[in-house]
Amino acid sequence: MSRIGVFVCHCGENISRTVDVERVAREAGALSGVAFATDYKYMCSDPGQNLLKKAVAEHNLDGIVVAACSPRMHEKTFRKAAQSAGLNPFLCEMANIREHCSWVHEDREEATAKASEIVAMLVERVKKDKKLAPITVPITKRSLVIGGGIAGIQAALDIADAGHQVVLVEREPSIGGHMAQLSETFPTLDCSQCIMTPKMVDVANHPNITLHTYSEIENVDGYIGNFQITIKKKARSVDMAKCTGCGICMAKCPQKKIPNAFDRNMGMRPAIYVPFPQAVPNTPVIDRENCTWFKTGKCGVCQKVCGPGAVDYTQEDELIVEKVGAIVVATGFELYDITEKPKGSPIKGYGEFGHGKIPDVIDGMTFERLASASGPTGGKILRPSDGKEPKQVVFIQCVGSRAREKGISYCSKICCMYTAKHTMLYKHKVHDGQAYVFFMDARTPGKGYDEFWRRAVEEEEAGYIRGMVSRLYQKGDKVVVMGSDISVGVQVEIEADLVVLATAVQPRQGADTLAQKLGISYDKYNFYSEAHAKLRPVECATAGIYLAGACQGPKDIPDTVSQASAAAAKVMTLFSRDELEREPIVAKVNEKNCVACFYCKKVCPYGAVEEKEIRDRNGNLIRVVAYVNPGVCGGCGTCQATCPSKSVELDGYTDEQIVAMIEAL
Amino acid sequence: MKHDFEPKIVAFVCTWCTYAGADLAGTSRMQYPSNVRVVKFPCTGRIDPVFILKAFQKGADGVLVSGCHPGDCHYMAGNFHARRRFAAFRKLLEFVGVDLSRLQFSWVSAAEGGKWVEVVTELTERVRAMGPMLEFKELEIEECWSGKIDTPELKEAYNNI
């Protein structure tokens, strides 16, 4: 390549104030291989781009360098311009003489010299540039949603309503997630079940949604547009096709004393059960760990009473393979459990709150079940130890959250609001009761949230005490809470009937294992990381995988639903095309040189390197070489730097291009 | 301010973090020495140690390699590979006898314009104080003496070292 054009931009005065652009153009013109060099006030403007196009035609240019701003800003603009001038867009390079030069150096002479050198480096680089063709990959227009909470449900419904097939995978026997457990929701105090269950039914009835409950993701292969998912459907021991959901099996099951996890272990359920009456699908599942048949081989009552003969003890876990083009991860959260110190977790535990040994110290979700009309007490607030109505309730905020010394530094976001809601629910049900809240800050930034919190404090007279609790202990049938009120500087001691801890929101257990299967990144708390905190908040750095809800960080319902719809919109954008075009910055293997050491395969973060067999005409295996799947390759180039035989090359960043730049130093 | 010796610093940076960090330093109009030349890579994982040798050989007095913070890599793990590779490479340089102070490895995120300025300024000042990098230039001249090229200029240059 020998006919390079150099276009130096003034950027108004941004560059020309400190860089002598005319001199830069002049010096560039003298470089070997440069056929044309000029400067212009605004290169990115329409006349600027036209100037560039005209020069390409007039001077028969076969490569261009635009010396202007950062390529992060306008590389696409100029590559497009080059393309419309008939050049391959990848024969256009940008020399960043604004962000990296004129704006950071005041001395005109120094800045001009540096700008000239930067241009010279890029001129050498462009000489080694190769024409690259965009890569197209076909898209499978089906999507996978992992997690059947409100985030997953919303995303699945949005995508399905747009006419695309959705596979929804939920770990539990029923969809619904945490929202189905809630009594009322802030800041409107509308009933969670009333707004949730119709959506759950919509999911079950939607012709475009395939629902796999009691299932987990076993394996993920492939890349954007072409994922292959293996789902493990755990044995339900009940044939979903035959079951009518009559419930006789549950009523007749002799084993009835199993703590109900949905009711936070306060109620009891049989061994064959649905998690809650409104469960979707309304098909029971046998809990094999507690079922007498599976433990001793005797019983079989449910099978005997089942009219349609749906109970099947011989059912086994099955593996299902689904092909999808996009994945929405919506695995949600769980509450930090103070009863145990999680293994391998940075969290140090809460000994001062009795490690959860005092029965009347409960967490927010347990209180939620107590207050819920569908809960174990039918909506009456009764304390777990003796079933009495508590007259003094202490709520403690920030248990686990915002406690760096305990291992979690983030704010769990929803606790201020749900505690305010709890004080209200309590007051509505126990009129002569008194609620106290120990808090550090009240964080209520959502729409209508501050008004709601004020209502709790001012109208419902919740006693807000600014300060933390140092210790609590059992005294008779009371729980003594010792803390301080820092706004007046006194010690406070309250003899409470019930203590509710607003424990930290954490990602689901196993969130890291799933992330590793998906190849997405997660932070030190195991929350999933978005591609860009501000501009790409629902995408993962791995293309084709999107995030919704609390798996990304603590979120309330409105935020979760918004993000779920946003993720669905991203999926629909992807599905609006039949083929996917991506930047051709991918690695290629020189099969002649490859010695099949597969170091590249070991270091590839995307699993893009495959083993390729080379056979002769008769089909005899000659040797095995590495092959980079261009659809999977992310274009990091780690393979190239690792390859001992120099057989891999990343397009756009070849050794030749880099060395040319270094040689021009 | 002009000095007697202006070192050449080459910065090998990844496009997602450090390049963007340097852009931020620009948009924030932070000032730093003009000695640095940036070579952009998709990821620090792409940076072959040979490039560092090449840079020194081509007259760089200091080399900076900078990428995303651990855990922030756009390509998930490229910076970890880079870190490991450079740990080994520095050992090699040390063994060969190149002063390690001329090679700097750092993490600069897209939000750390200030840190970019700090790192570049520090390295420039340090290398300036160390003087020109001669080890590779000597080697090059040695090579020339071994019979390939033999010019009076080179002979003189060799005698002056």
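One numbering rule holds for all chains: residues counted from 1, following each sequence as written. The order in which chains are written sets their letters, starting at A; the order in which ligands are written sets their numbers, starting at 1. Given that this is a predicted model, residues contribute local features only at a pLDDT of at least 70 and side-chain atom pairs are listed and counted only at 80 or more, while totals for whole chains, interfaces and linings are drawn from all residues. To obtain the side-chain values, all non-hydrogen atoms of the structure were used and water was disregarded.

The name given to chain B in an unreviewed UniProt entry is Methyl-viologen-reducing hydrogenase, delta subunit, with Geotalea uraniireducens as the source organism.

Per an unreviewed UniProt entry, chain A goes by 4Fe-4S ferredoxin, iron-sulfur binding domain protein and derives from Geotalea uraniireducens. UniProt positions are given in the numbering used here, feature names are shortened, and annotations may be inferred rather than shown by experiment. Here chain A is described in UniProt, under the heading Cofactor (unreviewed entry), as follows: "FAD".

This part covers the sheet that holds strand β27 (residues 498-503) of chain A. Neighbouring strands of a sheet are bound in pairs by backbone hydrogen bonds; such pairs are parallel or else antiparallel. All names here are of chain A. With respect to topology, five strands assemble into an open sheet ordered β20-β27-β21-β22-β23, the strand pairing being parallel. Sheet topology places β20 (361-363) and β23 (463-466) at the edges, where each strand pairs with a single neighbour. The mean inter-strand angle of the sheet, taken between neighbouring strand axes irrespective of direction, is 25°. Any two strands are treated as partners once DSSP identifies two or more bridges connecting them. Runs of H or I in DSSP of at least four residues are treated as helices and runs of E of at least two as strands, each being numbered from the N terminus. Where strand β21 (residues 392-399) meets strand β22 (residues 434-439), five bridges bridge the pair, whose relative direction is parallel. From the neighbouring strand, Gln392 faces β22, where its bridge partner is Gln434. Contacts between helix α11 (residues 364-371) and the sheet are confined to β20, β21 and β27, with β20 contributing the most and set at about 90° to the helix. Here an angle of 0 to 180 degrees is reported between the N-to-C directions of two axes, which are lines fitted to C-alpha atoms, with helices fitted over the stretch in contact. A contact between two residues is defined here by any heavy atoms of the two lying within 4.5 Å.

Let's shift gears to the domain arrangement of chain A. The figure often quoted for interface size is the accessible area lost as the parts come together. All the domain ranges listed were derived from an automatic or database domain assignment. Along its sequence, chain A is carved into domain 1 (4-134), domain 2 (142-229 + 319-332 + 508-576), domain 3 (248-305), domain 4 (336-505) and domain 5 (587-664). Summarising the inter-unit geometry, the C-alpha centres of domain 3 of chain A and domain 5 of chain A are found 55 Å apart.

Any two side chains of opposite charge can pair, so long as their charged atoms come close to each other. A pairing counts as a salt bridge when a side-chain nitrogen of Lys or Arg comes within 4 Å of a carboxyl oxygen of Asp or Glu. For the structure shown, the criterion picks out 46 salt bridges over all chains. Residue A:Glu216 is joined to A:Lys234 by a salt bridge in which the shortest nitrogen-to-oxygen separation is 3.2 Å. Taken together, the positions of A:Glu216 in strand β11 (residues 215-223) and A:Lys234 in the loop between β12 (226-233) and α8 (248-252) put the pair 18 residues apart, joining distant regions of the chain. Its salt-bridge partner being A:Asp655, residue B:Arg46 comes within 2.9 Å of it at the nearest N-O pair. Of this pair, B:Arg46 sits in the loop between β2 (36-41) and α2 (49-57) while A:Asp655 is found in helix α18 (residues 655-663), placing the two residues in two different chains. Using a relative accessible area of 0% as the deciding quantity, one classes B:Arg46 as buried. Burial classification: accessible surface area is computed with a 1.4 Å probe over protein chains only, and a residue below 20% of its type maximum counts as buried, one above 50% as exposed, and the rest as partly exposed.

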